[in-house]
Amino acid sequence: MDAPTLADRWAKERSRHPLVFFFVQRIVTMVLMLFVLGLGVFGLMSLAPGDIVDNYVRSQMLTMTDFRSNDNAVDPQQIAEAKHRLGLDRPFYEQYFHWLKQVFIDHDLGRSLISRAPVLFLVSSRMINSIVLNLISLVILTVASFSLGIWLSSKAGTKLDVAAAFVSLFLNAFPGILLLLLLQMFAAASGWFPVTAYPTDNFEGNPTGFGFSYLYHIFLPLLGAFLGSLGGSLRLIRATMLDQLGQPYVTALRSRGIAEGRIRFHHAFRNTMNPFITGSSNLLADLFSGSLILEIIFSYPGIGRLMYEAVLQKDINLVMTNIMFISALLLVGMLLSDLALALVDPRVRYQKS
Amino acid sequence: MNGWMKRMVRRPLAFGSLIVLVVLYLAMAFCEFLAPYDPNRLFEHYSDLPPNLSWYSNEMGFGPQVQTMSMVNDVTQQYARVKGEYTPVHLFAQGQTVPMWGLFPLSIHLFGTDFDRDPQAKAQPIFLFGTDNLGRDVFSRILYGSRISLTIGFVGVFLSLSLALVFGGMAGYFGGVWDWIIMRLCEFIILVPGLYLILFLRSILSDHMDSGQSYMLITVILSFVGWPGTARMIRGMVHAVKRQDFVANARLESMPSLSILFRHIVPQMSSILILSVTLGVPGFILGETALSYLGLGIVDPAVSWGSMINRDATSVSNLIAFPWLFAPGIFLVIVTLAFNFIGELLRDWADPNWKEAS
């Protein structure tokens, strides 16, 4: 009679702590997904023609000025040795398990296969740059779009609102790459702003000077990113705000003589948070992942460019570290946004319906 | 006039966008006729030439004409206008012979000069939007490039929407294990950073492909990355619709469940689906541009707007010295804006709470 009682207790516990069970289940799924993802990355890497040693050899052969075919410049034995040393001659799942052991048992993320620098150092130094840029952009965007959106929703129906709706639609539809290119062209043509996004000064020598120079350098890329995403979020906020203001409960509040500002901020605004919390699940991952196109156009040393080069060069240690980290953050973000939704909105409950 | 046409005319922005798009797609279909030259034809002595059409001169009076330009500095590629030397531009001019739709040779173009007919004479070729650094006509390249840039959106949306409909619809309708498996699959694909997945797939499969293959590959990759989001949306809507009485009736009449799903439930969502097509198309066009910008999309000799932007419009010095090379970017902006304006109109129509502004 042991088994049924266990099952009973399981069901009982489950109905008593639905949230806990929900999250435990999610976390287990998450870990499994990450495991499969890593396997997939190694599989894809091994599917790709040529590996990092082949790429290296090819680039060496291209740079050799007096290459003659019967020169034994590239020793096949050396190539085989190099491949063996890097473990590239083994099947991909063995490489994957080796990587897992290296990370979780030896606590070592390994070295970049190209530059021989520790992966942790490379990723963390680049990631700080990306986080700073993304954080500034996020704060400005959130503050601006919420205040503008709420303010515009109070002007609904006026000419100003029509103009703002058009501008935000325009910004939303405008291709981001072109916006950045145009801004860079503007910087080069006017000479008022630098065309690259990272200062050449040293941080240690002169932190304040570096800070100002940094803000000066990132102004245009930030403006581009800001304008690119302002349109979308402004539209969303305005639409949800107007949706809420049309609800019967707002009429009821108004009929009781509650001040309009109080209705807006304490009642309608709180209810507009829902879609944003659901939509913010990838916020955490976005903060850490950088924006590739922006970094390439303005040659900003962020994580996006590092990853781009790593993927193209098949630098597996670097790629794995970053993809696993970003994906884990994405999953955690999804989990946190579910949790936040349950905390903010009393109607959301994680029970079996 | 139909009802929807009347409503359309009342929204000038969306109506104008529709006209612009129709014109562009027609131009795409007849680009062999409209473009004066083959997109890959090299004019050796005309590299980086600015647009050279003018409408008035003392010698020839009013009318389309081309002023001869001669290079004054072959390092910075600067040209000077030659005084008094003009070439008239004809409509339906005899020009280079190109295969029309790959079916029959066509040597008459909408406009052109006598450049091809007498190479000895001083007739100048016409370059509506100038030339690039190899002396290729930017206008012809834009027209031929639209074959890729304008179709990739519809093909891509078709692929990703089909995937999303099948998987999202099944997850929503059958629920249970199907739902769990499909939703985990969606989450998994969302989990992989999209750009890196694209990079991976592209670098694996990219060696020695012709333009048609890489076009298909880009479309498939972009739609593979894009479908899970739509599938989740469709699943939610199917969930809502399947509780309604007509579905229960259909089930009582023992209709096969797949035909309930696709004949009765999916049509209920048609307005949303049309909307997501309209808003999805510019997304794919920009996706192709981004890939081409990274050098992973369309490459020479095939031509698309993204590859033109990547080739000519990415270096600042190039853009400042030869601003006409930005022309494909302007076309890109026009197309994405037009699709968004039409999408905005459709969104308003699909929204039951929305009332037409008087």
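Residues numbered from 1 in each chain as written. Chains lettered and ligands numbered in written order. Predicted model: local features only at pLDDT ≥ 70, side-chain atom pairs only at ≥ 80, totals over all residues.

Let's talk about the overall build of chain B
Inference 1: Helix and strand content of chain B: 13 helices and 5 strands.
Inference 2: Referenced to the eigenvectors of the C-alpha coordinate spread, the extents of chain B come out at roughly 85 × 55 × 40 Å.
Inference 3: Each of the 358 residues in chain B was classed as buried or not, and the buried ones make up 41%.
Inference 4: Of the contacts made within chain B by residues no fewer than 6 positions apart, 64% connect residues no fewer than 24 positions apart. (Helix = DSSP H or I, 4+ residues; strand = E, 2+ residues; numbered from the N terminus. Buried ≥ 20, exposed ≤ 12 C-beta atoms within 10 Å, placed from the backbone. Contact = placed C-beta atoms within 7 Å.)

A closer look at unusual backbone geometry
Inference 1: Despite not being glycine, A:Ser299 shows a phi value in the positive range, around 35 degrees.
Inference 2: With a phi angle near 50 degrees, B:Ser254 is a residue other than glycine that sits in the positive phi range.
Inference 3: The residue B:Ser254 is located in the loop between helix 8 (245-252) and helix 9 (257-265) in this model.

What to know about the confidence of the model for chain A
Inference 1: Looking at chain A as a whole, the pLDDT averages 77, with 86% of positions reaching at least 70.
Inference 2: Per-element confidence in chain A is highest for helix 10 (residues 248-255) of chain A, whose mean pLDDT is 87, and lowest for helix 3 (residues 52-63) of chain A, whose mean pLDDT is 68. (pLDDT = per-residue confidence, 0-100.)

Details of the packing of helix 8 of chain B against helix 9 of chain B
Residue and element names in this part refer to chain B.
Inference 1: Contact geometry of helix 8 with helix 9 gives a least axis separation of 11 Å together with a crossing angle of 145 degrees. Pair helix 8 / helix 9 crosses with right-handed handedness. Of the residues in helix 9, those touching helix 8 at Phe246, Val247, Ala250 and Arg251 are Ile260, His264 and Ile265. (Axes fitted to C-alpha atoms, helices over the stretch in contact; angles between N-to-C directions. Left-handed = near helix turned anticlockwise from the far one by under 90°.)

A few points about the nonpolar core
The tendency in soluble globular proteins is for nonpolar side chains to be buried side by side.
Inference 1: A:Ile293, A:Val319, B:Ile142, B:Leu325 and B:Ala327 are the most contacted members of the largest nonpolar core, which has 121 residues in total.
Inference 2: When residues of this core are assigned to domains, at least three fall in each of domain 1 (52-126) and domain 2 (142-350) of chain B.
Inference 3: Those residues in contact with A:Ile293 that sit more than four places away from it in its chain are A:Gly176, A:Ile177, A:Leu180, B:Ala290 and B:Tyr293.
Inference 4: If you look at the next biggest cluster of nonpolar residues, it comprises 6 residues, including A:Leu230, A:Ile237, A:Met241 and A:Leu245. (Core = buried A, V, L, I, M, F, W, Y, C linked by C-beta atoms within 7 Å. Domains from an automatic or database assignment.)

Focus on the interface of chain A and chain B
Inference 1: Taken together, the 33 residues of chain A in the interface contact 29 residues of chain B.
Inference 2: Elements supplying a minimum of two residues to the side of chain A that touches chain B: helix 2 (18-47), helix 7 (159-173), helix 8 (176-190), helix 13 (292-297), helix 14 (303-313) and helix 15 (316-344) of chain A.
Inference 3: Element by element, the count of residues in the side of chain A that touches chain B is highest for helix 8 of chain A, at 7 residues.
Inference 4: For the side of chain A that touches chain B, the residue count by class is 28 nonpolar, 5 polar and no charged. (Nonpolar A, V, L, I, M, F, W, Y, C, P; charged D, E, K, R; others polar.)

Notes on the packing of helix 4 (residues 138-174) of chain B against helix 11 (residues 305-312) of chain B
All names here are of chain B.
Inference 1: In the contact formed by helix 4 and helix 11, the axes pass within 7 Å of each other and the chain directions differ by 125 degrees. Relative to helix 11, the element helix 4 lies oblique. Across the interface between the two elements, Arg141, Ile142, Gly145 and Ser149 of helix 4 pack against Trp305, Gly306 and Met308 of helix 11.
Inference 2: A class-by-class count of the residues in the contact of helix 4 with helix 11 yields 3 nonpolar, 3 polar and 1 charged. (Parallel < 35°, antiparallel > 145°, perpendicular 65-115°, else oblique.)

Thoughts on the pairing of strand 2 (residues 61-73) of chain B
Residue and element names in this part refer to chain B.
Inference 1: Sheet analysis places strand 1 (residues 53-57) next to strand 2, joined by 4 bridges and oriented antiparallel. In the strand pairing of strand 2, Ser57 is matched with Gly61.
Inference 2: Adjacent in sequence and paired antiparallel, strand 1 and strand 2 are bridged by 3 residues.
Inference 3: One ladder, built from 7 bridges, connects strand 2 with strand 3 (residues 78-88); its direction is antiparallel. Counterpart to Gln65 in the pairing with strand 3 is Pro88.
Inference 4: Between the antiparallel neighbours strand 2 and strand 3 lie 4 residues, among them Gln77 with a positive phi of about 55 degrees. (Pairing = 2+ DSSP bridges.)

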